[in-house]
Amino acid sequence: MLASNTMKVILIAPLRSHTGNASSAHRIRDILECNTDVTCELLSCHNITSVEELNGYIGTLQANCVLAIHAYRSGHLLPGCCKPYAVIFGGTDVNEHHQNKHKMEVMTAALQKARFVIAFNRPMLLKAKELWPDICDRIIQQPQGIITSPSKTFCFHQHLNTHYGVPLGSHIFLLVAGIRPVKDPLFLVKYFSAWHHKKETVWFVIVGASLNEEFTLECKEAIDRLSGVLLIDCLPQDKAHAAIRDSTALINSSLSEGMCAAILEAMDLDTPVIARNIEANAAIVQHRITGLLYQTPEEFLDEAKEILSNQTLRTSLACEAKKYVTKHHSVDEEKLCYLQIIQDLSNNT
């Protein structure tokens, strides 16, 4: 049985703009409300100070159940929650925060009372089962659904030419990420700049909002000294999707990921992916089948050069990636999963 009349859900999450958790929250809210009788209220975990305040929202909204993204940032509000809830892992909770004793205790307390726990990919699922073996039977895997909506009127090449002087016809290697240390945006830039000196048609463009002011300043100072590398502010979603569509390749250099939406969006937009070989990326990028993986800047340069020179490889990667994302990251399947979860939660109110 799926969601029926007057189903009201609170979705609590870190809602800082231009972050993966915020994107996930808005996507899940949108799919739950699309052509259903569900209303889903987004609440920022940073704006709620206690479980009593959360319970007040639940009473005011007459919510049936709660979904919470990030086992630590939202999880600290969940023990004592007056309605059944499910926890959706955000990425850094499973990958990093478990190493901190206090954060691990907070997450454990939240997860012990959760009716369902959702992981986006298999590495996250396996890590969660290792960390919390007593809740293994409640952890399920549900990949993110992906829909892209690139602007039909925005040309990224023209934008770069007009505002940054990048020659038309250049090959753009694009990294889309909020600027913070975990994304490691400087990992490749010196090596890429050296390549640009030899081949002036290649450019490395980083698009993202500042999520850490001190680190962003460090990045800007480093990039200002390099030719062939740009750091520009974030774009609206339709223009960001158009930028991915118009680029030679989508780059990921992260030290850690939950599930990188930009990689999946590039796959959907037929843009080859070159991603750092970390567990979360390797879970969605099959090397030389649906994309390319690298561990060192030298490996990245070899693969970037091959992308430029090998049309057969580019076509094959784009084709297989499109098949993969269509099969495994269906928004319809994601919607059915979350509708079933909130129905089961509401039945246990």
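Residues numbered from 1 in each chain as written. Predicted model: local features only at pLDDT ≥ 70, side-chain atom pairs only at ≥ 80, totals over all residues. Heavy atoms only, no water.

Participant: I'd love a proper account of the overall build of the chain, names of residues and values included.
Facilitator: Within the chain one finds 14 helices and 12 strands. In terms of C-alpha radius of gyration, the chain reaches 21 Å, essentially the compact-globule figure of 20 Å for 349 residues. Each principal axis of the C-alpha atoms in the chain carries an extent, and together these give about 65 × 40 × 35 Å. Buried positions account for 55% of the 349 residues belonging to the chain. In the chain, the proportion of contacts linking residues at least 24 apart, taken out of those at least 6 apart, comes to 72%. Total accessible area on the chain is roughly 15,400 Å²; 49% of this is exposed by carbon and sulfur atoms. Of the charged side chains in the chain, 32 are positive and 37 negative; the average position of the first set lies 1 Å away from that of the second. (Helix = DSSP H or I, 4+ residues; strand = E, 2+ residues; numbered from the N terminus. Rg over C-alpha atoms; globule rule 2.2 N^0.38 Å. Buried < 20%, exposed > 50% of the residue type's maximum accessible area, 1.4 Å probe, protein only. Contact = heavy atoms within 4.5 Å. Areas by Shrake-Rupley, 256 points an atom, 1.4 Å probe, with all protein chains shown as cover. Lys, Arg positive; Asp, Glu negative; His and termini not counted. Charge placed at Lys NZ, Arg CZ, Asp CG, Glu CD.)

Participant: How would you explain the sheet that holds strand β12 (residues 292-294) if you had to name every residue and give the values?
Facilitator: As summarised here, the arrangement of the six strands in space is β9-β8-β7-β10-β11-β12, forming an open sheet in which the pairing is parallel. Edge strands, defined here as strands with exactly one partner in the open sheet, are β9 (229-232) and β12. In this sheet, neighbouring strand axes are inclined to one another by 25 degrees on average, regardless of whether the strands run parallel or antiparallel. Strands in contact with helix α7 (residues 189-198) are β7 (171-176), β8 (202-207) and β9; relative to β8, the strand with the most contacts, it is inclined by about 150 degrees. (Pairing = 2+ DSSP bridges. Axes fitted to C-alpha atoms, helices over the stretch in contact; angles between N-to-C directions.)

Participant: Outline the environment of Cys319, supporting the account with residue identities and numerical values.
Facilitator: With respect to the secondary-structure elements, Cys319 resides in helix α13 (residues 311-328). Sequence separation of Cys319 and Asp270 is 49 residues, and the distance between their C-alpha atoms is 7.1 Å.

Participant: Let's hear about the packing of helix α12 (residues 297-309) against α13: which residues, and what values?
Facilitator: One can describe the packing of α12 onto α13 by two numbers: an axis separation of 5 Å at closest approach and a directional angle of 100 degrees. In terms of orientation, α12 and α13 fall into the roughly perpendicular class. Each of Glu306, Ile307, Leu308 and Ser309 in α12 lies in contact with α13, whose residues at this interface are Gln311, Leu313, Arg314 and Leu317. Of the residues assigned to the contact of α12 with α13, the class counts are four nonpolar, two polar and two charged. (Parallel < 35°, antiparallel > 145°, perpendicular 65-115°, else oblique. Nonpolar A, V, L, I, M, F, W, Y, C, P; charged D, E, K, R; others polar.)

Participant: Hey, could you go over the packing of aromatic side chains for me, with residue numbers and the actual values?
Facilitator: All chains considered together, the criterion is met by 10 aromatic pairs. Consider the rings of Phe154 and Phe156, whose centres lie 6.4 Å apart with planes at 40 degrees: the pair is tilted. The exposure class of Phe154 is buried, given its relative accessible area of 12%. Owing to a relative accessible area of 0%, Phe156 belongs among the buried residues under this scheme. Every member of this aromatic cluster is reached through a ring pair, and the members are Phe173, Phe187, Phe192, Trp195, Phe204, Tyr294 and Phe300. The side chain of Arg276 reaches across the aromatic face of Phe187, ending 3.6 Å from its centre. (Phe/Tyr/Trp six-rings, centres within 6.5 Å; stacked < 30°, edge-to-face > 60°. Lys NZ or Arg CZ within 6 Å of the ring centre and 35° of its normal.)

Participant: Explain the pattern of salt bridges to me, and be specific about the residues and the numbers.
Facilitator: Where charged atoms from two side chains of opposite charge come close, those side chains can pair. Across all of its chains, the model carries nine salt bridges by this definition. We note a salt bridge from Glu257 to Lys183, for which the minimum N-O separation is 3.1 Å. Here Lys183 lies in the loop between β7 and α7 and Glu257 lies in the loop between β10 (249-252) and α10 (261-268), a separation of 74 residues in the sequence. Per residue, the accessibility class of Glu257 equals that of Lys183, and both read buried. Here Lys322 makes a salt bridge to Asp268, at a shortest N to O gap of 3.1 Å. Taken together, the residues span a long stretch of sequence, with Lys322 in helix α13 and Asp268 in helix α10 at a distance of 54 residues. (Salt bridge = Lys/Arg side-chain N within 4 Å of Asp/Glu carboxyl O.)

Participant: Run through the packing of α10 against α13, naming residues and quoting values.
Facilitator: Packed helix pairs are characterised by how far apart their axes lie and by the angle those axes make with each other. The interhelical angle for the contact between α10 and α13, taken along N-to-C directions, is 115 degrees, at an axis separation of 7 Å. Once α10 is placed against α13, the crossing between them reads as left-handed. Residues Leu264, Met267 and Asp268 of α10 form the contact with α13, whose own contacting residues are Ala321, Lys322, Tyr324 and Val325. Tallied by class, residues from the contact of α10 with α13 come to five nonpolar, no polar and two charged. (Left-handed = near helix turned anticlockwise from the far one by under 90°.)

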